[in-house]
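Survey of secondary and tertiary structure
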Amino acid sequence: MKSIHLVCALSLFAGIATAFADGTNSTTPTAPPAAPAASSAQQVAVIKTTDGTMVVGFWPKEAPNTVANFEKLANQGFYDGTCFHRIMKGFMVQGGDPLTKDPSQEAAWGTGGPGYTVNAEFNDHSHQYGVLSMARSSDPNSAGSQFFICDGDASFLDHQYTAFGHLIKGGDVLDKIANTPCAPNGQGENSKPLQRVGVISIKIVSADSIK
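The present account deals with the structure reproduced in this document. (Residues numbered from 1 in each chain as written. Predicted model: local features only at pLDDT ≥ 70, side-chain atom pairs only at ≥ 80, totals over all residues. Heavy atoms only, no water.)

**Observations regarding helix α1 (residues 64-75)**
When the terminal C-alpha atoms of α1 are compared, their 16 Å separation across twelve residues agrees well with the 16 Å that a helix rising 1.5 Å per residue should span. Among all positions in α1, only Thr66, Val67, Ala68, Asn69, Phe70, Glu71, Leu73 and Ala74 are buried. On the buried face of α1, the contacting elements are β3 (43-49), β4 (52-58), β7 (131-134), β8 (147-150), β9 (163-169) and β12 (199-206). (Helix = DSSP H or I, 4+ residues; strand = E, 2+ residues; numbered from the N terminus. Expected span 1.5 Å × (residues − 1). Buried < 20%, exposed > 50% of the residue type's maximum accessible area, 1.4 Å probe, protein only. Contact = heavy atoms within 4.5 Å.)

Here you go:
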């Protein structure tokens, strides 16, 4: 179990210090740039959770490698069985850590990843409600698999985190997840869910199949 706490950004939010973490560090190998799927602009991610289903669209022109990586992991079933391990109402909900599949690894939740990193693709999409973005460590090029969905105005993260998609369906589900009761997580945040919000699956499908 990794004992290093990886701090991604320190920003004041509701009077507390906020830190994003992913299971990567400066020595984690960077994956070769993934070839963006030609049909990414027409594809969406269906995120089925224990609180309902959300659908997100992608921004492949602005973040091609990030979108391709997320699609690849989803298609491999990487996210199936994980959970949202960090929830801050009015700010964001964070998931994508493979360690969250194992309750016995709870002390290490927030440090897991795919074993490689993806370089940042900062762009002009602002971190507003419903925006999908990548979590990372203090190294800008350390994103892996962990992601977050904004539950409010998080524009202070703009040009520091890679925004690569946005919620197009399921705002009521995001709100329900964001309202999950939380407890202190041991790092100065009241962000540890008291009940598991599971990710049953993330499927990449044609946008035309979503009604």
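Back to the write-up after that little detour.
**Examining the environment of proline 140**
Structurally, proline 140 is set in the loop between β7 and β8. According to the relative accessible area criterion, proline 140 is partly exposed, its value standing at 39%. Taking the C-alpha atoms as reference, proline 140 lies 7.3 Å from glutamine 160; in sequence the two are 20 residues apart. Once residues within four sequence positions are removed from consideration, proline 140 is found in contact with Ala120 and Phe122.

**Quick notes on the nonpolar core**
In terms of nonpolar packing, the biggest core is built from 33 residues, with Met54, Phe58, Phe84, Phe147 and Ile202 touching the most fellow members. Those elements that place two or more of their residues in this core are β3, β4, α1, β7, β8, β9, α2 (171-178) and β12. Counting twelve residues, the second largest nonpolar core, distinct from the first, contains Met88, Phe148, Cys150 and Ala154. (Core = buried A, V, L, I, M, F, W, Y, C linked by side-chain atoms within 4.5 Å.)

**Quick look at the packing of aromatic side chains**
Enumeration according to the criterion identifies ten aromatic pairs in this entry. The interplanar angle of 10° and the centroid separation of 6.4 Å between the aromatic rings of phenylalanine 58 and phenylalanine 164 together place this pair among those described as stacked. With phenylalanine 58 in strand β4 and phenylalanine 164 in strand β9, this pair connects stretches of sequence that are 106 residues apart. Classification of phenylalanine 58 as buried rests on a relative accessible area of 8%. Plain terms: the ring middles of phenylalanine 148 and tyrosine 161 are 6.1 Å apart, the flat faces sit at 80° to each other, and that makes the pair edge-to-face. In this pair, phenylalanine 148 is assigned in strand β8 and tyrosine 161 in the loop between β8 and β9, connecting sequence segments 13 residues apart. Of the two residues, phenylalanine 148 and tyrosine 161, both sit in the buried class. The rings of Phe58, Phe70, Phe78, Tyr79, Phe84, Phe147 and Phe164 are connected pair by pair, giving a single aromatic cluster. (Phe/Tyr/Trp six-rings, centres within 6.5 Å; stacked < 30°, edge-to-face > 60°.)

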